[in-house]
Amino acid sequence: MIARAQHHPHELSFWRKYIFSTDHKIIGLQYGITALCFLLLGFCLMLLMRWQLGYPGEPIPGVGKFLGENNAPGGVMLPEFYNELGAMHGTIMVFLGVVPLLVGAFGNYLVPLQIGAPDMAFPKLNMASYWVFLLGGVTMLVSFFLPGGAASSGWTSYPPLSDIATVGQTFWLIGMVFIITSSLLGSVNFIATILQLRAPGLTFLRLPFFVWTQLVTAFLLLLAFPPLEAAGLMQLMDRVAGTSFFLPSGLVISGEPLKVSGGGSVLLWQHLFWFLAHPEVYVLIAPAMGIVSEIIANNIRKPLWGYKSMVYSVIFLGFMSFIVWAHHMYLTGMGTKISAFFQTTTMIISIPSVIILTCLFISLWGGSIRFNTAMLFALAFLPMFGIGGLTGLPLGLSASDIHLHDTYYVIGHFHYVVAPGTIFAIFAGIYYWFPKITGRKMNEMLGHIHFWPSLFFMNCVFMPMFALGLAGVSRRLYDGGQQYAHAQAVLPLNKMITVCAFFLALFQLPFMINLVWSMIKGARVKSDNPWEATTLEWATPTPPPHGNFAQAPKVYRGPYEYSVPGALKDFSPQNEA
């Protein structure tokens, strides 16, 4: 029997209701708004980097004079500042933007609604997870204003460089410890909620696929983040307490040997970091697949083909993600036997992703497809993620990875997975669930103006990076590789990518206008279920009140019973007998 939430005996104050709230929906919105702001900031940092790569040595127009003489004297970016932007762009987009949106925002808001629960299992823990996350993000951003600037050792923070970097790196590590703690609090909450608070009749194979992806993601966070938190604390001790976990003996800095207490290992950090960071890729991808699956099922008006195969695949994907991490480390000199093991597991882990994509593609066959904005973004996710996956296969084989490692090929591959892949899924989810959250629909015309140019310019930004990488242009070069004789033929691509990046930024304005305008003036939905969907979140009032459901729902069927032969309508909600 599920315990229902008790309604508050008196009206909560504004601070308790909207700021320090324990309601999973408010916390989800807090995560969403905060993470969207971080995404915008990370995107702006990328635009500064792109200007430098496309037009090295030229003053940054408009904002260059505001960056300070220590960062951009005369508006011309210094290499040190470029390194700061690179490290902080990657960190912000992954740890402060995409993951908090997919898990903190969509997961928090939707999981209790989709399983028929009144709230998360531990509401106060849920509130704490958001505020710890915000504290971590603010700590990282403060480092821009410190002497020496922000962290500049890349988003991977490789020692020994990160151990001897400026004080901004210390703040990066402190912020990362806060962010990891937030994710651990959230993951425990998600697991307990999904396992214990499901509505009567909601068996595991009646769960929406989105809930399955959140459950697998929670286990990934719970098991993979502790090694990185331990590593972060050890690197912090190296920097402030004189330890040498990652500092090797005999290290010479500026002609002077560094005195350390013992012989540390730089490779230890890589193992601990990538043991998190490869499961982290599936923390980004799995919830995105869940969002896309919900939207596709609803807009094809038929059940998902191979639902059970998708569930088993995402579970297997989560398990396999823990035994592929060293394919990031082929250049460290591992032996051929261990290299062969990680090549094999890397090829195997591509199989469940292919199964999920194949199920979604086959589901489209014979469907009565509705091409609304949410569906367009969901459909675009499929080939974009497919390109990201296919281009990752050469990086999983040591023979080809040795040549492609740390080139722009890697940048192109990873961004196809995360930018036109995962971020398109985020946009799809916002357009789809906006009516449930606000009671209003987003404007479809502005949605199309947002989608089509975004799809075009995303590909114009990231596809040429494969050519740059195959030509041997390394990433993290502040001038884009101008000193490379062998790269001269492809360097004009840098200018093209930069121009397309600014056009991509321009066409995010319709989304921002649409989001704000629709909250205030958007067309009101005429029912609680405007998309005629089957899952439980559409059975609540709009927007859902505290406690979510007027009465405890009971589940009678699977999540995607559309166009059932003999049914009176083309959708059969889970809670209708």
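Quick note: structure is the one above.
This is a predicted model, so every value here is computed, not measured.

Caption draft 1: The packing of aromatic side chains, seen in detail. Under the defined criterion, the tally for this structure stands at 44 aromatic pairs. Ring geometry for Phe275 versus Trp325: centroids 5.4 Å apart, planes at 80 degrees, classification edge-to-face. In this pair, Phe275 is assigned in helix H7 (residues 266-300) and Trp325 in the loop between helix H8 (307-320) and helix H9 (336-364), connecting sequence segments 50 residues apart. A centroid spacing of 4.7 Å and a plane angle of 75 degrees characterise the contact between Phe451 and Trp452, whose relative ring orientation is edge-to-face. In this structure Phe451 comes out as buried when scored by relative accessible area, which is 2%. On the basis of relative accessible area, Trp452 is assigned to the partly exposed category, the value being 47%. Following the ring pairs from residue to residue traces out a cluster consisting of Phe14, Trp15, Tyr18, Phe20, Tyr31, Phe38, Tyr130, Trp131 and Phe133. If you follow Lys441 out to its NZ or CZ, it ends over the ring of Trp531, 4.4 Å from the centre. The aromatic ring of Phe571 is capped on one face by Lys569, whose charged end is 4.8 Å from the ring centroid.

Caption draft 2: Quick peek at the nonpolar core. Of all hydrophobic cores here, the largest spans 182 residues; its most connected members are Phe209 and Ile296. When residues no more than four places from it in sequence are discounted, the contact partners of Ile296 are Leu360, Leu364, Met375, Ala378 and Leu382.

Caption draft 3: Looking closely at a nonpolar patch on the surface. The grouping of Leu40, Val499, Phe503, Leu506, Leu509, Met512, Ile513 and Trp517 at the surface amounts to a nonpolar patch, some 720 Å² of accessible area in total. For the nonpolar patch, the elements supplying multiple residues, two or more each, are helix H14 (492-506) and helix H15 (509-521). Along the chain, Leu506 turns up in helix H14.

Caption draft 4: View of the environment of Leu85. Structurally, the position occupied by Leu85 is in helix H3 (residues 79-114). Leu85 gets classed as buried once you look at its relative accessible area, which sits at 0%. Along the sequence, Leu85 and Ala150 sit 65 residues apart, while their C-alpha atoms lie 8.2 Å from each other. Residues in contact with Leu85, not counting those within four places in the same chain, are Leu45, Leu48, Met49 and Met77.

Criteria and thresholds
- Every chain is numbered independently, its residues counted from 1 as its sequence is written.
- Per-residue local features of the predicted model are confined to residues with pLDDT of at least 70, and side-chain atom pairs are confined, for both listing and counting, to 80 or more; whole-chain, interface and lining totals are unaffected and use all residues.
- Side-chain numbers come from the whole structure's heavy atoms, not from hydrogens or water.
- Ring geometry is summarised as follows: Phe, Tyr and Trp rings, the Trp one being its six-membered ring, pair when their centres sit within 6.5 Å, and such pairs are stacked at plane angles under 30 degrees, edge-to-face over 60 and tilted between the two.
- Numbering of helices and strands starts at the N terminus; helices are DSSP runs of H or I of at least 4 residues and strands are runs of E of at least 2.
- Throughout, exposure labels follow a simple rule: accessible area from a 1.4 Å probe, protein chains only, divided by the maximum for the residue type, with under 20% read as buried, over 50% as exposed, and the rest as partly exposed.
- The criterion is that NZ of a Lys, or CZ of an Arg, lies within 6 Å of the ring centre and within 35 degrees of the ring normal, and then a charge sits over that ring.
- We define the nonpolar core as a collection of buried residues of types Ala, Val, Leu, Ile, Met, Phe, Trp, Tyr and Cys that are connected through side-chain atoms lying within 4.5 Å of one another.
- Contacts are residue-level and defined by heavy atoms, with any inter-residue pair within 4.5 Å sufficient.
- Like charges within 9 Å and nonpolar side chains (Val, Leu, Ile, Met, Phe, Trp, Tyr) within 5 Å are joined into patches, using only residues over 30% in relative accessible area that form no salt bridge.
- Exposure was quantified through the Shrake-Rupley algorithm and a 1.4 Å probe, taking into account, for residues, occlusion by the shown protein chains and nothing else.
- Note on definitions: salt bridges are taken to be side-chain nitrogens of Lys or Arg within 4 Å of carboxyl oxygens of Asp or Glu.

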